[in-house]
Amino acid sequence: MDTQSYFPVTPGVGMEENFLSLDDILLSQERLPVRTECVFPRLGFLEKSSDSQDIAEDTKMEFPLWLSKGLYEKKRKVLSVELPKVYKEGWRTVFTADPNVVDLHKMGPYYYGLGSQMLHFDNPENPDIAKTLLQTFIGRFRRTMDSSQNAYNEDTSVLVGRLDCLEKVLFRSGQNGLNGFQSWEKGQASQLTASGLVLNYRKRKLVDVQP
């Protein structure tokens with residue numbers, strides 16, 4: 001019986017987050033381009049290109065996602081969040097033409113997750129971003145799952161290396177289903193095996209009885 005020291009927790013869906021998920025924790029560290037809308041007193045040390053004690057208004061910086069969400073307010077303008085280039089119109093056009101040609105891992109391993117989180121910030125392009133995310137997922141889903149079903153006992157490192165983290169989860173699920181089906185066909189699905197605890201106990205018992 002296989003044992004795991006860590007049981008994976010699935011990430012949140014859409015704009016929701018699951019703070020017990022390692023993927024969501026790593027996603028929250030993704031850096032976003034922001035512009036300050038007011039003075040940040042006594043935080044000048046965060047801006048290495050300036051010698052000022054304060055962060056001046058209209059300063060361009062990069063903040064992690066979690067900090068950007070915490071500081072962003074619709075009524076009281078503290079900072080404005082700019083779109084990462086992969087979500088801008090130029091790249092949206094590429095995704096609309098053929099989403100399968102894009103290396104999503106290279107563009108950012110959390111393309112769908114970060115794109116969904118960008119909808120928290122007011123932006124006139126939000127409807128187009130949401131539409132592109134959905135169309136990209138639909139356009140790549142069939143190829144991802146077909147590949148997972150046709151790569152039995154093969155090296156899939158190159159293929160998986162181009163996938164977003166969400167797509168990697170789907171790919172692994174497809175392969176696990178295929179492996180389970182192959183085991184069932186070979187009559188191996190119903191075989192019972194001793195657990196690791198039982199085997200270790202037997203080994204210790206043998207050591208104890210040996211002279």
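Just so it is clear, the structure is predicted and the values come from calculations on it, not from any experiment. (Residues numbered from 1 in each chain as written. Predicted model: local features only at pLDDT ≥ 70, side-chain atom pairs only at ≥ 80, totals over all residues. Heavy atoms only, no water.)

### Thoughts on the sheet that holds strand β2 (residues 60-64)
Part 1: Strand order across the open sheet formed by three strands is β2-β1-β3, with antiparallel pairing between neighbours. Strands with a single pairing partner mark the edges of an open sheet, and in this sheet they are β2 and β3 (79-81). Shown here is a sheet whose adjacent strand axes are inclined to one another by a mean of 40°, direction ignored. (Pairing = 2+ DSSP bridges. Helix = DSSP H or I, 4+ residues; strand = E, 2+ residues; numbered from the N terminus. Axes fitted to C-alpha atoms, helices over the stretch in contact; angles between N-to-C directions.)

### Focus on the pattern of salt bridges
Part 1: On inspection of all chains with the given rule, the structure shows seven salt bridges.
Part 2: Between Arg-140 and Glu-167 there is a salt bridge, and its shortest N-O distance comes to 2.7 Å. Here Arg-140, found in helix α6 (residues 126-149), pairs with Glu-167, found in helix α8 (residues 165-185); they are 27 residues apart in sequence, far enough to count as distant. Residue Arg-140 shares its accessibility class with Glu-167, and that shared class is buried.
Part 3: What you see here is one network of salt bridges that share partners, running through Arg-35, Asp-58 and Glu-82. (Salt bridge = Lys/Arg side-chain N within 4 Å of Asp/Glu carboxyl O. Buried < 20%, exposed > 50% of the residue type's maximum accessible area, 1.4 Å probe, protein only.)

### What about unusual backbone geometry?
Part 1: Phi is positive for Arg-42, which is not a glycine, with a value near 60°.
Part 2: Mapped onto the elements, Arg-42 comes out in the loop between β1 (31-36) and β2.
Part 3: Although it is not a glycine, Asp-58 adopts a positive phi angle of roughly 70°.
Part 4: Secondary-structure assignment places Asp-58 in the loop between β1 and β2.

### Points about the nonpolar core
Part 1: Ranked by size, the top nonpolar core spans 27 residues in total, and within it Leu-32, Val-81, Tyr-87, Tyr-111, Met-118 and Phe-121 carry the most contacts.
Part 2: Looking at this core, the elements that each hand over two or more residues are β1, β2, β3, α5 (111-117) and α6.
Part 3: If you tally residues by element for this core, the top one is α5, at three residues.
Part 4: When near neighbours in sequence (up to four residues on either side) are disregarded, Phe-121 contacts Leu-32, Leu-65, Ser-68, Lys-69, Tyr-72, Val-81 and Asn-126. (Core = buried A, V, L, I, M, F, W, Y, C linked by side-chain atoms within 4.5 Å. Contact = heavy atoms within 4.5 Å.)

### Here we look at the packing of aromatic side chains
Part 1: Per the stated rule, a full pass over the model turns up eight aromatic pairs.
Part 2: Residues Tyr-72 and Phe-121 carry aromatic rings whose centres are separated by 5.1 Å and whose planes lie at 85° to one another, so their mutual orientation is edge-to-face. Here Tyr-72 is found in the loop between α2 (65-71) and β3, whereas its partner Phe-121 is found in the loop between α5 and α6, with 49 residues between them in sequence. Judged on exposure class, the residue Tyr-72 and its partner Phe-121 are both buried. (Phe/Tyr/Trp six-rings, centres within 6.5 Å; stacked < 30°, edge-to-face > 60°.)

### Considering a nonpolar patch on the surface
Part 1: Among the surface-exposed residues, Leu-43, Phe-45 and Leu-46 lie close enough to one another that they form a single nonpolar patch of about 290 Å² accessible area.
Part 2: By the element assignment, Phe-45 lies in the loop between β1 and β2.
Part 3: Among the residues examined, Phe-45 registers a relative accessible area of 59% and is labelled exposed. (Patch = residues over 30% accessible without salt bridge, like charges linked within 9 Å, V, L, I, M, F, W, Y side chains within 5 Å. Areas by Shrake-Rupley, 256 points an atom, 1.4 Å probe, with all protein chains shown as cover.)

### What about the environment of Lys-88?
Part 1: Relative to the helices and strands, Lys-88 is located in the loop between β3 and α3 (89-97).
Part 2: As a C-alpha pair, Lys-88 and Ile-129 span 41 residues in sequence and 8.1 Å in three-dimensional space.

### Here we look at the packing of α6 against α8
Part 1: It is at 8 Å that the axes of α6 and α8 come closest, and there the two elements cross at 35°. Crossing handedness for the pair α6 and α8: right-handed. Of the residues in α8, those touching α6 at Phe-137, Arg-140, Phe-141, Thr-144, Met-145, Ser-147, Ser-148 and Gln-149 are Leu-166, Glu-167, Leu-170, Phe-171, Gly-174, Gln-175 and Leu-178.
Part 2: Residue composition of the contact of α6 with α8, grouped by class: seven nonpolar, six polar and two charged. (Left-handed = near helix turned anticlockwise from the far one by under 90°. Nonpolar A, V, L, I, M, F, W, Y, C, P; charged D, E, K, R; others polar.)

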